[in-house]
Amino acid sequence: MRIVVLAGGVGGARFVRGLREAVRRAPVGSDLAEASIDVIVNTGDDWWLAGLRITPDLDSMLYTLSGQNDEVRGWGRVGESERVSGELQAYGVTPEWFTLGDLDLGTHIARSAWLRSGLTPSEVVARLHERWDLSGVRLHPATDHEIDTHVWVASDTGAEEDMHFQEWWTRYRAQVPALRFEQRGIDLASPSPGALTALDAADVVLIAPSNPVVSIGTILGIPGMRDAVLAAGAGASRGRAPIVGVSPIIAGSAVRGMADACLTTIGVATDAGAVARHYGPRAQGGLLDAWLVGLEDESLVAGLRADGVAADAVPLWMRDLDTAAALADAAVDAAQAAAR
Ligand code: FO1
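What you see is a predicted model; the values in this text were computed from it and never measured.

Caption draft 1: Region of the structure containing the packing of helix 1 (residues 10–25) against helix 2 (residues 56–65). Interaxial distance between helix 1 and helix 2 falls to 9 Å at its minimum, and their mutual angle equals 35°. Judged by the twist between their axes, the crossing of helix 1 over helix 2 is right-handed. Contacts between helix 1 and helix 2 pair Val-10, Gly-12, Ala-13, Val-16, Arg-17 and Arg-20 from the former with Ser-60, Met-61, Thr-64 and Leu-65 from the latter. Considered class by class, the residues forming the contact of helix 1 with helix 2 number five nonpolar, three polar and two charged.

Caption draft 2: Summary view of the site of the ligand. Around the ligand sit 13 residues in total, of which Asp-45, Asp-57, Thr-99, Gln-166 and Arg-173 are the nearest. Residue Asp-45 places a side-chain N or O atom 2.8 Å away from an oxygen atom belonging to the ligand. Arg-173 is positioned with one of its side-chain polar atoms (N or O) 2.9 Å from an oxygen atom of the ligand. With the chains in place, 90% of the 530 Å² that the ligand exposes on its own is no longer accessible. Counting only elements with at least two residues in the shell around the ligand, the list comes to helix 2 and helix 6 (165–171). Per-element accounting of the shell around the ligand gives the leading share, three residues, to helix 6. Taken together, the residues that form the shell around the ligand break down as six nonpolar, three polar and four charged.

Caption draft 3: Inspection of the pattern of salt bridges at higher detail. A complete count under the given rule lists 17 salt bridges for this structure. The shortest N-O distance in the salt bridge between Asp-148 and Arg-53 comes to 2.7 Å. Of this pair, Asp-148 sits in the loop between strand 5 (137–141) and strand 6 (149–154) while Arg-53 sits in strand 4 (residues 52–54); the two residues are 95 residues apart in sequence, bridging distant segments of the chain. Arg-282 serves as the salt-bridge partner of Asp-289, at 2.6 Å between the closest nitrogen and oxygen. Here the salt bridges do not stand alone but share partners, grouping Glu-21, Arg-24, Arg-25 and Asp-322 into one network.

Caption draft 4: Representation of the packing of aromatic side chains within the structure. This model, assessed by the stated rule, comprises eight aromatic pairs. Judged by centre distance (4.9 Å) and plane angle (80°), the rings of Trp-47 and Phe-98 are edge-to-face. Note that Trp-47 is positioned in strand 3 (residues 47–49) and Phe-98 in the loop between helix 3 (83–91) and helix 4 (102–116), a separation of 51 residues in sequence. Arg-77 extends its terminal NZ or CZ atom over the ring of Tyr-63, reaching a point 5.5 Å from the ring centre.

Caption draft 5: Geometry of the nonpolar core. The biggest cluster of nonpolar side chains holds 55 residues, and the ones touching the most others in it are Ile-40, Trp-168, Leu-199, Met-225, Val-229 and Trp-291. The next biggest cluster of nonpolar side chains, apart from the first, holds 49 residues, and it includes Ala-7, Leu-65, Val-244 and Ala-334.

Calculation criteria
- Residues numbered from 1 in each chain as written.
- Predicted model: local features only at pLDDT ≥ 70, side-chain atom pairs only at ≥ 80, totals over all residues.
- Heavy atoms only, no water.
- Axes fitted to C-alpha atoms, helices over the stretch in contact; angles between N-to-C directions.
- Helix = DSSP H or I, 4+ residues; strand = E, 2+ residues; numbered from the N terminus.
- Left-handed = near helix turned anticlockwise from the far one by under 90°.
- Contact = heavy atoms within 4.5 Å.
- Nonpolar A, V, L, I, M, F, W, Y, C, P; charged D, E, K, R; others polar.
- Near = heavy atom within 4 Å.
- Polar contact = N/O pair within 3.5 Å; in protein donor to acceptor, adjacent residues only side chain to side chain.
- Areas by Shrake-Rupley, 256 points an atom, 1.4 Å probe, with all protein chains shown as cover.
- Salt bridge = Lys/Arg side-chain N within 4 Å of Asp/Glu carboxyl O.
- Phe/Tyr/Trp six-rings, centres within 6.5 Å; stacked < 30°, edge-to-face > 60°.
- Lys NZ or Arg CZ within 6 Å of the ring centre and 35° of its normal.
- Core = buried A, V, L, I, M, F, W, Y, C linked by side-chain atoms within 4.5 Å.
- Buried < 20%, exposed > 50% of the residue type's maximum accessible area, 1.4 Å probe, protein only.

This is the structure we're talking about:
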């Protein structure tokens, strides 16, 4: 079974780690036991800082799947130090609200050196894979084009001004209302080769519980990506791959991050049902063959099913590896049910 996951950063990384664990635990001979996992990762959070290309969501995936991540902070490396960052801030080449750890800088310097030598972001990720064993999970940047997300806000004079997503997210903690999000250059972008190849061969497509606007929305906003997701499985033996989404919202609040602020900007309620309707039922031109909500949102299931979204309520909190693996199992089960 070939599984493709669309994912953003921290929540996405935990979900993929759970999925890998579910594959490890699957009974010998079962479909899941032989599964491959390809992850299409959001690149809209990426930016250039101090001459280095920073790719937060790919790094969250890389560090989480290789066990190098800082579980407490949610980003960066475990056992980190900040000697160089102190120097960079003293020189004023990095702001005090964005810290580049010493170990983390190793990754950014390697990446930036490879990019300057002419490698594509996809080739850079493949190089990083060579060092970090991800136990069979393959990561793909959603696109090899730069599509940094910029956030438009109202300045105190009432004029509109934009800032990079990272400033809005880490300096202002998404507390400044965003008028709109813009992935600069996305019209010229196309899905990365690895993403297209993985989707063509997919048996199952999972939408991780990542930010529906700036992570999943950015991935799907890449010209050609949405069609590739809907056509997933064309090259596989089983025909069209079912698409199953996992809600990033439980009982009306975002599980992590500031998805609520982003949903408000695009006029979608911070609600597990509203996000499903935002992605849309596949039978009505949307993406979803099935949708998982938390047990806390059981009451939404009947209405969603009436609207054509095959919803189920399952334990959605990924507190540890067991709960993450159980959630991933439920997502795969929902996909197999949808395929029947
Ligand atoms: N998040 C913060 O809140 N503060 C930081 O100083 C910070 C630094 C940082 C450095 C590298 C990196 O890959 C991520 C970093 N993040 C930081 C997290 C990052 O903003 C988020 O992980 C994503 O952008 C959200 O998906």
